[in-house]
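# Geometric and topological summary
Spelled out from the first residue to the last, the chains are:
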Amino acid sequence: MKKPLSRRAFIGGGAAVAIGLPFLDAMVPTGRQARAQADRPTRLVYLYVPHGIIRTNFTPTSPGRDYTMPSQLAELAPIRDKFSVLTGLSNRPGNANYTYPDGTTASDGPGDHARDTGTFLTATRIRKTDGSDHRAGISVDQVAANYLAPHTALPSLVLATKSGSYGGDSGYAPIYRSNVSWASPTQPMAKDANASSVFNTLFAGFDPGEGMAARERRLAQETSILDSCLDDLASLRVQLGAADNVKLDGYLAGIRRVEMSITEEPGGFECNPGTSPEGGLNFQDNTVAMMDLMKLAFQCDRTRVATLMIESNGYGFIGIGDGHHQISHLENLNPHRMGIETINKWGIDRFADFIKALDDIDEADGTLLDNSLVMYGGGLDATGHSGGNAMGDL
């Protein structure tokens, strides 16, 4: 019987060069091999907004393709064939009352905001505690990131427009309100709210101000990692089946794309990130910068998974004097309703700008948007709050 390859296998081009391999069928013992899946650079993006969306003027009044565009979605009209409004969803672990699969029930009372954030991408019943014994679940973005990790420099981007803790909620620890992305049931992913820091994470080592002579000297000294591993690659290929060779080709092509993005001359460079945005941006500018950085990350194939929490200390710049959370309970019905709709519209317009920018980038088989799954939404409505009932997602 043919011995399977080690899952820790690598190919090397000398003592200083080693390339880890993706998971291959040849690493699975005979009899348990699964068919290899062709890798396609599809991106996954989640944009989270807190405190709910008022569905009036947001949800179409009729189903199907020919609905009348609601006023809240007007900026999306030019690409109406490329997005859907999903309604009628229920993330049941986010409800105050919950029935577990074994039939036992729980009633955790107040805390819709914490449950909204904590369950948004985990769909897991979070433990109600204001201490360190918190427990949620791995989030869907990180499930995807773990699967796609071999293909890009960064498994995922976890971004926010506001740093630090967002505060606790009715007996729930602040950790729930402050994170939508979780690496494990007990460990949220660290979010980055500084656009300059995100740029450096993505593009460290790229120097847009490097002179031509200096660039030519550097390129003359650089050798492709793949070119230094040709002998090992030839030996490896004879041990692999057709499906594994296809998967290996896709994996090596990804490495080659990264190499080319670093070493191509400026005239042929398709992934020029430009200069770093400033740090310390205000909320509105930081929101736009984070969306621009996600676009660049996908365009340069630095990562294929991203989340963005859109959270602000205030919306005075669009005339909303009271806090977003405060007015979301609609205690002063009509003024607060208008305030929430104004905030909703500002956020949806930024989302529209983002996905239209993705649609402006041509790829071999369509546009970057065509090869992306992007969701904008949250887990609350904004009519006094109904936790677990999706407010409508784009």
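The residue numbers shown here count from 1 along each chain, following its written sequence. Residues qualify for local features only when their pLDDT is at least 70, as the model is predicted, and side-chain atom pairs are given and counted only at 80 or more; totals for whole chains, interfaces and linings, by contrast, use all residues. Excluding hydrogens and water, the side-chain figures rest on all heavy atoms present in the structure.

### Notes on the overall build of the chain
Starting at the N terminus, helices and strands are each numbered in turn, a helix being any DSSP run of H or I of at least four residues and a strand any DSSP run of E of at least two. When helices and strands are counted, the chain shows 10 helices and 12 strands. Buried positions account for 46% of the 394 residues belonging to the chain. Between buried and exposed lies partly exposed: a residue is buried under 20% and exposed over 50% of the maximum accessible area for its type, with that area taken using a 1.4 Å probe on protein chains only.

### Things to note about the sheet that holds strand β6 (residues 157-160)
On the basis of which strands lie adjacent, the open sheet formed by 4 strands has the order β6-β9-β3-β12 and parallel pairing. Bordering the open sheet on either side are β6 and β12 (372-377), each of which pairs with just one other strand. Neighbouring strand axes in the sheet, compared pairwise and without regard to direction, differ in orientation by 10 degrees on average. Here, strands pair whenever DSSP counts at least two bridges between them. Bridge count between strand β3 (residues 43-48) and strand β9 (residues 305-309): 5 bridges; the pairing is parallel. Each residue of the ladder has a partner; that of Leu47, found in β9, is Leu308. Between N-to-C directions, angles span 0 to 180 degrees; the directions come from axes that are lines fitted to C-alpha atoms, helices contributing only their stretch in contact.

### Things to note about empty space enclosed by the protein
Think of a 1 Å grid over just the protein atoms. A cavity is a set of points where a 1.4 Å probe fits yet cannot get out, a pocket is an open set with protein on both sides within 12 Å along at least five of seven lines, and lining residues have an atom within 4 Å of a point. Grid points are joined across faces, edges and corners, and a volume is the space filled by probe spheres set on the points. Under the definition given, this model contains 2 cavities of 30 Å³ or more. For the lining of the largest cavity, the element with the most residues is helix α10 (residues 333-359), which contributes 4 residues. In the lining of the largest cavity, the residues fall into 8 nonpolar, 4 polar and no charged. The residue classification treats Ala, Val, Leu, Ile, Met, Phe, Trp, Tyr, Cys and Pro as nonpolar and Asp, Glu, Lys and Arg as charged. All others, Gly included, are polar.

### Quick word on the pattern of salt bridges
For this analysis, a salt bridge means a side-chain nitrogen from Lys or Arg found within 4 Å of a carboxyl oxygen belonging to Asp or Glu. All chains considered together, the criterion is met by 11 salt bridges. Arg65 is the salt-bridge partner of Asp81, the closest N and O atoms lying 3.6 Å from each other. Residue Asp81 is located in the loop between β3 and β4 (97-99), and its partner Arg65 is located in the loop between β3 and β4; the two are separated by 16 residues in the primary sequence. Put simply, Asp108 and Arg125 hold a salt bridge, and the shortest N to O gap is 2.9 Å. Taken as a pair, Asp108 in the loop between β5 (105-107) and α1 (112-119) and Arg125 in the loop between α1 and α2 (140-148) lie far apart in primary sequence, 17 residues in all. Classification of Asp108 as buried rests on a relative accessible area of 19%.

### Examining the packing of aromatic side chains
The relation between two aromatic rings is expressed through the spacing of the ring centres and the mutual angle of the planes. Stacked, tilted and edge-to-face are the three classes assigned to paired rings of Phe, Tyr and Trp, where Trp is represented by its six-membered ring and a pair needs centres within 6.5 Å; plane angles under 30 degrees give stacked, over 60 edge-to-face, the rest tilted. This model, assessed by the stated rule, comprises 12 aromatic pairs. Summarising the aromatic geometry, the rings of Tyr98 and Tyr100 are spaced 4.9 Å apart at their centres and angled 80 degrees between planes, so their arrangement reads as edge-to-face. Residue class for Tyr98 comes out buried when judged on its relative accessible area of 16%. The interplanar angle of 80 degrees and the centroid separation of 5.9 Å between the aromatic rings of Tyr172 and Tyr176 together place this pair among those described as edge-to-face. The criterion for a charge sitting over a ring is simple: Lys NZ or Arg CZ within 6 Å of the ring centre, and within 35 degrees of the ring normal. Over the ring of Tyr67 we find Arg80; its NZ or CZ atom is 4.5 Å from the centre of that ring. In this structure, Lys191 is placed above the aromatic ring of Tyr166, and the distance from its NZ or CZ to the ring centre is 4.8 Å.

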